[in-house]
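In case you want the letters, here they are:
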Amino acid sequence: MSDKDLDQICKNLSHISTSDWIAVKFEKQISANNIAHIRFCEAVYRAQNKHISLSPLNVCCDGARRCFGWLKNNDVKLAQRLSEKTGINQDVARGLIRSVPVLNEKFSGISLGRDIDGDVYISYASSESAMKLIRSWQKITGCNLDTKISGIMSVCGNVAVKSYIDQKISISFGCPDSREYGGIEKEQLVIGLPHKVALRICVINS
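Treat the numbers as computed from the prediction; the structure is a model and nothing was measured. (Residues numbered from 1 in each chain as written. Predicted model: local features only at pLDDT ≥ 70, side-chain atom pairs only at ≥ 80, totals over all residues. Heavy atoms only, no water.)

Enquirer: Describe the overall build of the protein chain, and please don't skip the residues or the numbers.
Expert: Looking only at helices and strands, one finds nine helices and six strands in the protein chain. For the protein chain, whose C-alpha radius of gyration is 16 Å, the value lies close to the compact-globule estimate of 17 Å for 206 residues. The principal-axis extent of the C-alpha atoms belonging to the protein chain is close to 50 × 40 × 30 Å. Considering the protein chain as a whole, with its 206 residues, one finds that 50% of them fall into the buried category. Sequence separation of at least 24 residues holds for 72% of the intrachain contacts in the protein chain that already meet a minimum separation of 6. In the structure as shown, the protein chain presents an accessible area of about 10,500 Å², 48% of it carried by carbon and sulfur atoms. (Helix = DSSP H or I, 4+ residues; strand = E, 2+ residues; numbered from the N terminus. Rg over C-alpha atoms; globule rule 2.2 N^0.38 Å. Buried < 20%, exposed > 50% of the residue type's maximum accessible area, 1.4 Å probe, protein only. Contact = heavy atoms within 4.5 Å. Areas by Shrake-Rupley, 256 points an atom, 1.4 Å probe, with all protein chains shown as cover.)

Enquirer: I'd like a description of the side chain of S178, backed by residues and values.
Expert: Here S178 shows up in helix α8 (residues 176-181). Classification of S178 by relative accessible area gives buried; the value is 1%. Separated by 3.4 Å, the side chains of S178 and S154 make a polar contact. Within polar-contact distance, the side chain of S178 engages the backbone nitrogen of C175 at 2.8 Å. (Polar contact = N/O pair within 3.5 Å; in protein donor to acceptor, adjacent residues only side chain to side chain.)

Enquirer: Please set out the layout of surface pockets residue by residue, giving values where relevant.
Expert: Empty space within the largest pocket amounts to approximately 550 Å³. C61, K85, M153, C175 and D177 are the residues nearest the centre of the largest pocket, which is lined by 25 residues in total. Listing elements by their share of the lining of the largest pocket, those giving two or more residues are α2 (40-46), α3 (62-67), α4 (75-86) and α8. Among the elements that line the lining of the largest pocket, the one with the most residues is α4, at five residues. (1 Å grid on protein atoms, 1.4 Å probe; cavity = no way out; pocket = protein on both sides within 12 Å on 5 of 7 lines; lining within 4 Å. Points joined across faces, edges and corners; volume = space filled by probe spheres on them.)

Enquirer: Lay out the nonpolar core in plain terms, naming residues and giving numbers.
Expert: Within soluble globular proteins, side chains that are nonpolar tend to cluster in buried spots. With 40 residues, the main nonpolar core has F40, F68, L112 and I122 as its most contacted residues. It is helix α7 (residues 156-166) that contributes the most residues to this core, five residues altogether. When sequence neighbours within four positions are dropped, the list of residues in contact with F68 reads F26, F40, L103, I110, C156 and V161. Membership of the second largest hydrophobic core comes to 23 residues, among which are I9, W21, I140 and L189. (Core = buried A, V, L, I, M, F, W, Y, C linked by side-chain atoms within 4.5 Å.)

Enquirer: Lay out the packing of helix α1 (residues 9-17) against helix α9 (residues 195-204) with the relevant residues and their values.
Expert: Contact pair α1 / α9: the axes reach a minimum separation of 10 Å and the direction vectors enclose 55°. Between α1 and α9, the crossing angle belongs to the class labelled oblique. The element α1 and its partner α9 pack so that their crossing is left-handed. Residue-level inspection shows I9, N12, L13 and I16 of α1 in contact with α9, the latter providing H195, A198, L199, I201 and C202. (Axes fitted to C-alpha atoms, helices over the stretch in contact; angles between N-to-C directions. Parallel < 35°, antiparallel > 145°, perpendicular 65-115°, else oblique. Left-handed = near helix turned anticlockwise from the far one by under 90°.)

Enquirer: Outline the pairing of strand β1 (residues 22-27), supporting the account with residue identities and numerical values.
Expert: Taken residue by residue, a regular strand's side chains alternate between the two faces of the sheet. Pairing of β1 with strand β4 (residues 120-125), which is carried by three bridges, proceeds in the antiparallel orientation. Looking at the pairing, A23 lines up with Y121 of β4. Pairing of β1 with strand β3 (residues 109-113) involves five bridges; the strand directions are antiparallel. Among the inter-strand pairings, V24 is bridged to a residue of β3, identified as L112. (Pairing = 2+ DSSP bridges.)

Enquirer: Can you break down α4 residue by residue, with the values?
Expert: An α-helix turns once per 3.6 residues; consequently, residues spaced three or four apart project the same way. Look at α4: 16 Å from first C-alpha to last across 12 residues, which is about the 16 Å you get at 1.5 Å a residue. Taken as a whole, α4 has its buried residues at D75, L78, A79, L82 and S83. Mapping the buried residues of α4 onto a view down its axis gives an arc of 135°, with all of them on the same face. Residues of α4 that are exposed and point over 90 degrees away from its buried face: E84 and K85. Against α3 and α5 (90-98) lie the buried residues of α4. (Expected span 1.5 Å × (residues − 1). Arc of directions from axis to C-beta.)

Laid out in structure tokens, this is it:
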């Protein structure tokens with residue numbers, strides 16, 4: 001795949017997996033935007049129809065802001081909220097939150113869209129789509145996919161950031177907030193691919 005085709009990765013992935021894909025680009029610099037406060041998972045859903053730019057100021061979910069490195073030293077409060085919502089012991093909740101990946105690099109914003117060259121590609125997909133991608137992963141690596149699945153910060157931390165850091169496929173079944181606000185249908189799960197893996201899947205299926 002040539003450089004001029006990089007903005008077609010979402011289209012190619014959709015053809016391979018029969019699910020819609022959004023490219024996520026972590027930006028060192030990003031222009032100002034006028035989008036209202038929004039959750040990252042909701043931005044992924046809305047980006048199916050238009051390009052979206054996010055900054056720390058308009059991401060309203062503290063979990064997402066934590067995962068992108070924009071909110072520090074707030075794990076205790078996040079654990080309290082998680083405990084209140086789920087009934088999980090606060091110490092357990094704090095441990096689960098600490099296990100969610102956080103970007104170490106400093107980024108000023110995030111771009112999302114169908115026609116950009118992303119660092120990560122995200123789909124709200126069916127189980128059949130996931131199967132097709134995992135078989136491609138096995139073809140590329142010769143290995144089964146070894147992953148951990150969490151129901152906390154599921155789109156932001158355990159898919160977008162996790163795929164970027166680990167450089168492999170990540171899978172989540174969503175969390176209550178992402179299913180309420182992020183447009184994830186009942187039968188869908190969340191899949192993330194880092195750029196290099198997405199590119200190789202497109203190449204082997206071309």
